[in-house]
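Architecture and fold: a report
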Amino acid sequence: MLEISSFTVNGESKPLLLDDPHPIFGFSLDNGGEGGEFKSATITLDNGARIHTDKLSYIRYEGKPLEPYHDYTATLEVTLSNGSAKASTSFRMGKMDKPWIGQWISDPTYQFTGKGNSPEVLSFKKDIKTEKPIKEAYAYVTAMGVYRFELNGEKVGDRYLAPGFTSYEHHLQYQGYDVTESFKGGANSILVHVAGGWAVGSFVFSRKNRWYADRQALLFELHIEYEDGSREVIDSDDSWLVSREGPYTMSDLYDGESYDANKEDIKEDSFHKAGLEKLRNNPKIYAEIGCPIKKWKEFKPEFLYEKDGELIFDCHQNFAGIASIHIKDAKKGDVVVIKHAEVLTDEGGLNTALLRSAKATLTYTCKDGEQSYEPEFTYMGFRYLSVKGLELDSFELTSYALTSEIEEIGEFECSDPLLNRLDLNIRYSARSNFLDIPTDCPQRDERMGWSGDIAIFAETACYDYKMSNFLRKWLKDMRAEQNKGGGFPCTTPIHGYGFPATMPRIAIDFWGDAILEVPYAIYRHEGDLTVLKENYEAMKKYVKACLFWAKIWGVGKYRYIWHTPAFLHFGDWVSPDVDKMSTWQKRSKYTATASLCHCLSLLSEISSLLGEENDSHEYKRLSKKVADAYVSVFLDKDGKLKKEPFQTGYVLPLSFDMIEEKKKRQGSLDALVKLIEDNSYCIGTGFPGTPRILECLSKGGRSDVAYKMLLNKKAPSWLYAVEVGATTILEKFDGLLEDGTARKSEDGTGEMISFNHYASGSVGRFLYERIAGMWIEEAGFRKIRFAPTLGGGLSYCRMKTHSPFGQVSSYWHIDGNKFTYELEIPIGSLAGVDMPDGSHRELKPGKYVLECAI
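Scope of this entry: the structure provided in the associated data block. (Residues numbered from 1 in each chain as written. Predicted model: local features only at pLDDT ≥ 70, side-chain atom pairs only at ≥ 80, totals over all residues. Heavy atoms only, no water.)

Right, let's get into the overall build of the chain. From N to C terminus, the chain includes 15 helices and 41 strands. Here the chain has a C-alpha radius of gyration of 28 Å; the compact-globule value for 854 residues is 29 Å, and the two agree. C-alpha atoms of the chain, sized along the principal axes, occupy 85 × 70 × 60 Å. Considering the chain as a whole, with its 854 residues, one finds that 62% of them fall into the buried category. Intrachain contacts of the chain at a sequence separation of at least 6 include 73% that bridge at least 24 residues. (Helix = DSSP H or I, 4+ residues; strand = E, 2+ residues; numbered from the N terminus. Rg over C-alpha atoms; globule rule 2.2 N^0.38 Å. Buried < 20%, exposed > 50% of the residue type's maximum accessible area, 1.4 Å probe, protein only. Contact = heavy atoms within 4.5 Å.)

Below, the structure written as structure tokens:
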């Protein structure tokens, strides 16, 4: 029976508030495996507009612009050659281009000063009285800072850290809340607490504050429609009241939160008039396009022991989130302190030294009796907690993982339980670092939008999660912060991190590459050319900057060797085969040149996709120039590196098809294999090479070596970390010792050891494409290739992901010499299958069971 498995608006099954007057629809179908040819579909809006289409995805509404503040219902009718189906969805339009009636307000008496600290929390209050029955009440809220919106003493919504992290100089999101059910007849009270968050509070490891604003500010509108048809807007202005004596006595993204339960009923005499606030910047304010931060998983920490007066608990999983405590009975003034850490010290206490300046502490001052507390304006990266100030039997502790609400679409399982745990670790690290922006780590005084991490992880992420809206929101800020010379800050939003923003023409290889890699990953998985169009000019400007820096330092063939001073690059970042940061950076002439070649080649392909053929030919020509220069300068006649051999130095030119001569290419592959064998099959690549080394080997016919590397349990390796108990991906492969404590850092990076860093989880792409055998042959899964690479003693592998057309799944298993392949191809896709016996089949939508002998 035909069913519509999803019906989306702007990529979401449960769309947020929309500011786009021409939204995009999409749907996927499930025909019970019977296949069928898609004929047509009709989408009807309740404003009378109709869309007739022969497409399943990216169907843009081109009719009369939709109206602000309006609810719409869209009904979908689909016809196949063997059935039909119907579905509907609803969505609400936001303010769109309507000017805000509300005005920015703040506390005119508050002068926030100091360095490295965060401001006091401002509590804004407005009491209102309604005399008539209400039909609908809808609030629109944003802040310079992060806010908690309460109506009549209850929190509205279930999100955290709204309005989210953007480049506040350029962009600011607002949220919408239907509060009709929360309103009561007569008197109602609005209370909005605004903490410093990213905009005003202390952030980046240099602990800069007031980067975007001098103090917090609130912008608010409550639109009320009465049963009699009349309307009213309650907006933020100087009639509101503000106090700094609420229950939140300290709030900081890194340091944590302090809360005094005795101040929950804020004293009336502490309020004074709010004042109108003129912001330092004038960002464009738009309805939230990212994914709100919410709870997604609950943990019950296990008590381990008491250590130095602190009760130590273990969640048995590393994650990003918060701790919640329920106290059975307490006395007014009792103080409870909760600390967080990823690992323990050798002595059994919490290792907070690795958090650097982040305190990651909750301090709760009790009132009398039974009570509960949960932080609002902070989050931590942790597995372990300590509690001080209570007896063990007097409280209950719960932990919640927080993450942006991104739909999980992928599943992976194979016959090796360690690989399954590795895949789970990848997902936990992704969840832990997808908190409104793609961060590097969730625990120490960083949590920044490092572009190099997501550049290498985006492909893996897109198999596991529906990433488009989350990443496009981040790319919007990346484009806004591109420097005049074409380069990018290494973190987006930049938020005062100097390198290389203080050098306005600098471009940084592999980190800046995110402007190509991330949109291209979205395009491959979604099939939408729009994301390439949105970023095309920024891509060209970036590649031009890269070429400038390559050419300025050389002549002849050296004009294509990007060899600016090493301190301007990250090079072979965190490569475990050397123990000095300076050595990673000195490899930059190899990594940067390979990056330049790859970016030119990728931009050539993107240009062609967008119909820019002249650009495409030129970028292809330049890419070959750079490739030839790399081979000529760095490789000898046999394909070996002329100077220091290192894994990444071979992986990049092999992965990017930079070596044309077959004999020389084989020589480079053989040299790479020897390095790997001499290193006991341990990983020896940094950020640029790690996501590519296993595929590089498999593509070269050495999947045997790739499997030995993947399944290796000796440090440094992926499965070493799993073997010693890691529950997330480590920043450094050997960062965790066998006893579960941290390895001492001796590479010049100080205490730079994160135990929740998804970058090396980019190996997930190898699991999904090579082991499971699922390849995207045409963007958006229009054409799929199923071709597993068998090896490693694996006897089965199953995988699922959700394409724009619906679920794609594969399950292969081996029984003796019989290979069985079970496949599901959604309506809208076609597939080719390469069986292990060398046979090939072309398949239409449907479910299949194929067999062969091996």
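Let's shift gears to the nonpolar core. In a soluble, globular protein the nonpolar side chains are often hidden away together inside. Ranked by size, the top nonpolar core spans 244 residues in total, and within it Phe149, Leu222 and Phe434 carry the most contacts. Ranked by residues supplied to this core, first place goes to helix α6 (residues 530–551) with 12 residues. In this structure, Leu222 is in contact with Ile128, Ala137, Tyr138, Ala139, Val179, Phe183, Ile190, Glu232, Val233 and Ile234, ignoring residues within four places of it in sequence. (Core = buried A, V, L, I, M, F, W, Y, C linked by side-chain atoms within 4.5 Å.)

This brings us to the packing of helix α4 (residues 468–480) against α6. Contact geometry of α4 with α6 gives a least axis separation of 10 Å together with a crossing angle of 15 degrees. As judged from the angle between their axes, α4 and α6 are roughly parallel. α6 is crossed by α4, and the crossing has left-handed handedness. When α4 is examined against α6, the residues Arg472, Leu475 and Arg479 are found in contact with a partner set consisting of Thr530, Val531, Glu534, Asn535 and Ala538. Each residue belonging to the contact of α4 with α6 can be placed in one class, and the counts come to three nonpolar, two polar and three charged. (Axes fitted to C-alpha atoms, helices over the stretch in contact; angles between N-to-C directions. Parallel < 35°, antiparallel > 145°, perpendicular 65-115°, else oblique. Left-handed = near helix turned anticlockwise from the far one by under 90°. Nonpolar A, V, L, I, M, F, W, Y, C, P; charged D, E, K, R; others polar.)

Side-chain pairs of opposite charge can arise whenever the charged atoms involved come near each other. Inspection of the entire model under this criterion finds 60 salt bridges. For Arg92, the salt bridge is made with Glu136, and the minimal N-O distance between the two is 3.2 Å. Within this pair, whereas Arg92 is found in strand β7 (residues 83–92), its partner Glu136 is found in strand β10 (residues 134–144), the two being separated by 44 residues in sequence. Taken as a pair, Arg92 and Glu136 share a single burial class, namely buried. A salt bridge links Glu534 to Arg472; its shortest N-O distance comes to 3.0 Å. (Salt bridge = Lys/Arg side-chain N within 4 Å of Asp/Glu carboxyl O.)

This brings us to unusual backbone geometry. Residue Pro493 is reached from Thr492 by a cis peptide bond, and omega for that bond is -5 degrees. With respect to the element layout, Pro493 can be found in the loop between α4 and α5 (514–526). In this model, Ala715 is joined to Pro716 through a cis peptide bond whose omega is -5 degrees. Structurally, Pro716 is set in the loop between α13 (703–711) and α14 (718–723). Positive phi is not limited to glycine here, since Tyr681 has a value of about 60 degrees. Residue placement: Tyr681 occurs in the loop between α11 (662–678) and α12 (693–699).

The N-to-C vectors of helix α2 (residues 417–433) and helix α15 (residues 764–771) enclose an angle of 130 degrees; their axes lie 10 Å apart at closest approach. Our classification of the angle between α2 and α15 gives oblique. Taking contact as the criterion, the partners of Leu419, Asp423, Ile426 and Arg427 in α2 are, on α15, Gly764, Leu767, Tyr768 and Ile771. Taken together, the residues that form the contact of α2 with α15 break down as five nonpolar, one polar and two charged.

Here four strands make up an open sheet; going across it, the order is β34-β35-β39-β40 and the pairing mixed. One side of each edge strand has no neighbouring strand; the edge strands of this open sheet are β34 (774–778) and β40 (840–843). Between one strand axis and the next, the sheet turns by 20 degrees as a mean value, whatever way the strands run. (Pairing = 2+ DSSP bridges.)

Burial runs high along strand β11 (residues 146–151): six of the six residues are buried. Every second residue of β11 is oriented toward a common face, with Val146, Arg148 and Glu150 on one face and Tyr147, Phe149 and Leu151 on the other, all of them buried. Counting the residues between successive antiparallel strands, the hairpin from β11 to strand β12 (residues 154–155) contains two residues, one of them, Asn152, with a positive phi of roughly 55 degrees.

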